[in-house]
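Geometric and topological summary
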Amino acid sequence: MVIPYRRVHKKTLLSHLIKWAVIFAIFLAIVLSVLIFLFNGNKVKEPLTDFINNKLGTEFTVNSVEFSPLYPNTIKLIKPAFSDTLSADEIYLELDLKSAFADKVLAIRDLYIKNLRLNHDAPEFLRQKLSTLKFDDIKIAALRIDGTPVYGYGIKSDSARIRLYNITLNKDLTYSVKEGNLSFNKGSFLNLPFKNLSFAFTHEGDNLNLKDLHAAVLGGSIAGEGSYNLQKQTFTFNRLNLNKIIIKDGLSPFSSVSISGKEVSLNDCLFTNQEILLSGITGSASSFSLLHGNITADFKGSLDEISLIKHRLSLTDSTVSARVGSTETAGNIIGSLFDGDISFNFNYQNKDKTLSVNNFNLKNNKIEYTSNLETALNEFINPRQIYIESCNFSNLAFISHVSDLPLNILDFSGNIDNLAMIKGKVQNRKAGIINLDVNSLTYSDFLLNKIKLIATISPDLLSLSAPEIKFRSSDVSLSGSLALKEGPSFLLLQGKNFNLADLNSNLSRRLLSGRADIEVNLQSFGSFDKLIENTNGTFYLKSPEMLVSNLALDYLNGGDAKTRNFTVKDLSAALYDKDCGLYDLNLLGCVKRGNIYVSGNFNLSSDNVTANLHIDLRTMLISALCIIENKLEGNTTQISVSNKLNDPKITIKPIQRGTIRPGLSDIDKTEENPKTQALEHASQS
């Protein structure tokens, strides 16, 4: 369509081209009919110019005219021009001479125009001159236009190649064209650059039926066939092929385009916006629709990569079957994630950011946990509602690169069913089940060889059963339930003949050896907010022999007779010296309505120790009294603890000193070591 930039017309692309070309043809047909009788050979330029100027009352010029009475139905003009309004480099006309002398219909066999140029006055000029013509209808068998600029209706191109066939223009300026083809070397459609755009068409009613559509666009190419509705300005494709198309700014540039297609095939295409990257898109999209920048389609195919850009999560080598809509996307994905396999069915609601997943399977994945991944997961999970109906995972590995989480798991498998996470918090609507088998878990260098865990999460209850928690050489069992609203809760932990060396790691400055029996048995009933207040139960720790490194408890019952006050940190540092043996250790405890009571006794190498402790869990206050006694030596020391549980104050008070032996007072105060610094911090009385 040749339309001046400053004018807007509600007509089709072909309308103006046809009418302007036909007016050219009519002018020439009149001239040709006159030339047959008046002129001979090529000496026609001046008479022709004068005739047109007199006939039309305008300034007409032409560089040369080719005409011969031997071929009286043809004429060729080189560089004709109507002032600066309308011009061309070349016009060729072949007509039916009989129709030129008729009053009703002018029949043109062939009309060719090269490099047609118009200024903004051309439409008005042509309308005025059209009123001087005598024909009711003009029929053109073939109209060929080359090199004509096209500006309008979304298309901008400096040069077009147009072929139209079987054209009829009526006196009321209505027209019809049966078929044709158009091509453009380069230009843009709705500001979208293209190269080598071409297509053929036939005209039926309001539709142009498009065939052999080809174009280089968006870094790739398109090909197809379909129709374009002239009234609705919508495309409908029976077939559309997209090859290596790159859409890098989302669909907003296509907000004014309406496209639908029965079958759209894609090969190695790429789509990205601010949130997602889809690369290597290959497959087919049926029931395709692009309307107001929103896509609806049923896609089946593969993708090289699916990346959530903000969350830095990527799936690769994926097979996808999905229904994509403006409000909802659902389907199935099979691909690779973290060097392993992943597959799942999903449904995502755009408006309320709800993601539902089932048949979620992970296999042989190696999860390398970094601070970036931690941030990505938080950013993905926190604003969404996520429902996992079923998830199975096997042979997974977890490696943490986060210093605050020195956790590594060599292998773990299990399943999760009916889990709901609402904005980062577990809020199950029905019972969710977690089964977990873990092999070789290390936290720093603390090792758990095996964990078997079964958990149930519901709106009312959290239950946990770990029948086997295996350390290096021994194991414990754990079970419990927690009423989240109201009801019974319990916790049971048991370990028989447990090897205390299994607890050794760099997480503690002190090492343990020996064996012990451990049990914790607690119950509670009532509402969740009164869980601690209503807790009752017992616990114990028994060991015939235990060795603790760097804990010189013997120092507490030696040295001078001065009373000293310590913090836990300072006392621990002061005792960080030789190893300590504990014999016949027997600690018994009970919990009664929010209070913890502990009594115990054990022997050191030469001392006997008895202790009692009380913690009020409601106020978090602690009080404890410990007596260390050596009757043979005549040494006795009292240790008392008070204050808040997170900041206890420790007082060491010698009661009797019958024998002089090493103690806290004998540590060299000039030696720069933690023990000396701890003593300097301790107050004396």
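Please read these numbers as outputs of a predicted model, since none were measured by experiment.

Moving on to the layout of surface pockets. Estimates place the volume of the second largest pocket at around 1100 Å³. The wall of the second largest pocket is formed by 34 residues, among which Leu551, Leu553, Phe602, Ala611 and Cys626 lie closest to the centre. Every element with two or more residues in the lining of the second largest pocket is listed here: strand E36 (536–548), helix H6 (568–574), strand E38 (580–592), strand E39 (595–603), strand E40 (608–616), strand E41 (621–630) and strand E42 (635–642). Of the residues in the lining of the second largest pocket, the class split is 28 nonpolar, six polar and no charged.

Before going further, it helps to spend a moment on the pairing of strand E28 (residues 407–422). Within E28, twelve of the 16 residues are buried, leaving the element largely enclosed by the surrounding structure. Bridge count between strand E27 (residues 385–400) and E28: eleven bridges; the pairing is antiparallel. In the strand pairing of E28, Asn392 is matched with Asn415. The hairpin turn running from E27 into E28, its antiparallel successor, is six residues long. Note: E28 against strand E30 (residues 432–443), ten bridges, orientation antiparallel.

Moving on, we get to the side chain of Ser413. Inspection of the secondary structure assignment puts Ser413 in strand E28. Residue classification places Ser413 among the buried residues on the basis of a relative accessible area of 18%. Engagement of the side chain of Ser413 in a polar contact is seen with the backbone nitrogen of Asn395, the distance being 3.0 Å. Apart from the residues lying within four places of it in its own chain, the contact partners of Ser413 are Phe393, Ser394, Asn395, Asn435, Leu436 and Asp437.

Below, the discussion takes up the pattern of salt bridges. Per the counting criterion, the structure on display carries 17 salt bridges. In this structure, Lys366 and Glu368 form a salt bridge, with 3.9 Å as the shortest nitrogen-oxygen distance. With a shortest N-O distance of 3.9 Å, Lys578 and Asp554 are connected by a salt bridge. Here the residue Lys578 occupies a position in the loop between H6 and E38, and Asp554 occupies one in the loop between E36 and strand E37 (564–566), the gap between them amounting to 24 residues. Since its relative accessible area comes to 16%, Asp554 is described here as buried. Taken together, the shared-partner salt bridges connect Lys79, Asp89 and Arg117 into one network.

For the rest of this paragraph, the subject is the environment of Ile615. In this structure, Ile615 sits in strand E40. Taking the relative accessible area as the measure of exposure, Ile615 reaches 11% and is therefore buried. Considered as a pair, Ile615 and Asn595 are 20 residues apart in the sequence and their alpha carbons are 5.7 Å apart. Among residues more than four places away in sequence, those in contact with Ile615 are Gly594, Asn595, Ile596, Leu621, Ile622 and Leu645.

It is worth spelling out the nonpolar core at this point. Judged by nonpolar contacts, the single largest core of 144 residues is most densely connected at Leu553 and Leu556. Dropping the residues within four chain positions of it, Leu553 is found in contact with Leu575, Cys580, Leu582, Phe602 and Leu604.

If you walk across this open sheet you meet the four strands as E1-E4-E5-E8, and the pairing is antiparallel. Strands at the two margins of the open sheet, each flanked by one partner only, are strand E1 (60–61) and strand E8 (117–118). With two bridges connecting them, strand E5 (residues 86–87) and E8 associate as antiparallel partners. The partner of Ser87 across the bridge, within E8, is Arg117.

The next thing to look at is helix H5 (residues 371–381). For H5, the full list of buried residues reads Leu373, Ala376 and Phe380. Projected down its long axis, H5 shows its buried positions confined to an angular sector of 60 degrees, all on one face. On its buried face, H5 sits against strand E21 (294–308), strand E22 (313–324), strand E25 (354–363), strand E26 (366–369) and E27.

This part takes up empty space enclosed by the protein. Tallying each qualifying case throughout the model produces two cavities of 30 Å³ or more. Empty space within the largest cavity amounts to approximately 60 Å³. If you trace the largest cavity, you find it lined by Tyr555, Leu556, Gly558, Gly559, Asp560, Lys562, Arg564, Ile652, Pro654, Arg657, Leu664 and Ser665. Ranked by the residues each element gives to the lining of the largest cavity, the list is headed by strand E43 (residues 649–657), at three residues. Here the lining of the largest cavity is built from residues that sort into five nonpolar, three polar and four charged. Quantified by volume, the second largest cavity comes out at close to 40 Å³.

What follows concerns unusual backbone geometry. Within the chain, Asn196 stands out as a residue other than glycine whose phi angle is a positive 50 degrees. Following the sequence through the fold, Asn196 ends up in strand E14 (residues 192–204). By relative accessible area, which is 53% here, Asn196 ends up exposed.

On to the pairing of E21. Two faces, one strand: in a regular strand the side chains alternate between the faces of the sheet. Bridge count between strand E20 (residues 276–291) and E21: twelve bridges; the pairing is antiparallel. The residue bridging Leu291 from the neighbouring strand is Asn294, located in E21. Note: E21 against E22, eleven bridges, orientation antiparallel. Opposite Leu308, over in E22, you have Leu313 as the bridge partner. Counting the residues in the hairpin turn of E21 and E22 gives four residues, including Arg312, whose phi is positive at 55 degrees.

On to the packing of aromatic side chains. Overall, the coordinates contain eleven aromatic pairs when judged by the stated rule. Taking the centre distance of 6.0 Å and the plane angle of 5 degrees together, the rings of Phe235 and Phe237 count as stacked. Taking the relative accessible area as the measure of exposure, Phe237 reaches 5% and is therefore buried. One aromatic cluster is present, built from ring pairs that chain together Phe189, Tyr228, Phe235 and Phe237. The ring of Tyr576 carries the charged tip of Arg509 above its face, separated from the ring centre by 4.0 Å.

Our focus in this paragraph is the confidence of the model for the chain. For the chain, per-residue confidence averages 85 on the pLDDT scale, and 86% of positions sit at 70 or higher. The low-confidence segment residues 1–11, where pLDDT is below 50, has 36 contacts with residues more than four positions distant or belonging to other chains. With pLDDT under 50 throughout, residues 668–672 is counted as low confidence; its partners more than four residues away or in other chains account for six contacts.

About the thresholds
Each chain carries its own residue numbering, running from 1 in the direction its sequence is written. Given that the model is predicted, a residue must reach a pLDDT of at least 70 before its local features are reported, and side-chain atom pairs must reach 80 or more before they are shown or counted; all residues, however, enter totals for whole chains, interfaces and linings. Computation of side-chain values covers all heavy atoms of the structure but excludes hydrogens and water. With a 1 Å grid laid over protein atoms only, a set of points is called a cavity when a 1.4 Å probe fits there but cannot get out and a pocket when it is open yet has protein on both sides within 12 Å along at least five of seven lines; lining residues have an atom within 4 Å of a point. Grid points are joined across faces, edges and corners, and a volume is the space filled by probe spheres set on the points. Helix and strand assignments follow DSSP, with helices taken as H or I runs no shorter than four residues and strands as E runs no shorter than two, numbered in order from the N terminus. Lys, Arg, Asp and Glu make up the charged group, whereas Ala, Val, Leu, Ile, Met, Phe, Trp, Tyr, Cys and Pro make up the nonpolar group; the residues left over, Gly among them, are polar. For each residue, the accessible area found with a 1.4 Å probe, counting protein chains only, is set against the maximum for its type, and the residue is called buried under 20%, exposed over 50%, and partly exposed in between. Strands were regarded as paired on the criterion that DSSP finds at least two bridges between them. Side-chain atoms alone can form a polar contact between residues adjacent in sequence; in general such a contact is a pair of N or O atoms within 3.5 Å, and within protein one must be able to donate a hydrogen while the other accepts it. By the convention used here, residues are in contact when the closest approach between their heavy atoms is within 4.5 Å. When a carboxyl oxygen of Asp or Glu is within 4 Å of a side-chain nitrogen of Lys or Arg, the pair counts as a salt bridge. As used in this record, nonpolar core signifies buried Ala, Val, Leu, Ile, Met, Phe, Trp, Tyr and Cys residues forming a set joined through side-chain atoms within 4.5 Å. As used here, the arc belongs to the directions running from the helix axis to the C-beta atoms. For Phe, Tyr and Trp, where Trp contributes only its six-membered ring, two rings pair if their centres lie within 6.5 Å, and the inter-plane angle classes them as stacked under 30 degrees, edge-to-face over 60, or tilted in between. By definition here, charges over rings are those cases where NZ of Lys or CZ of Arg is within 6 Å of the ring centre and within 35 degrees of the ring normal. pLDDT expresses how confident the predictor is about each individual residue, on a scale running from 0 to 100.

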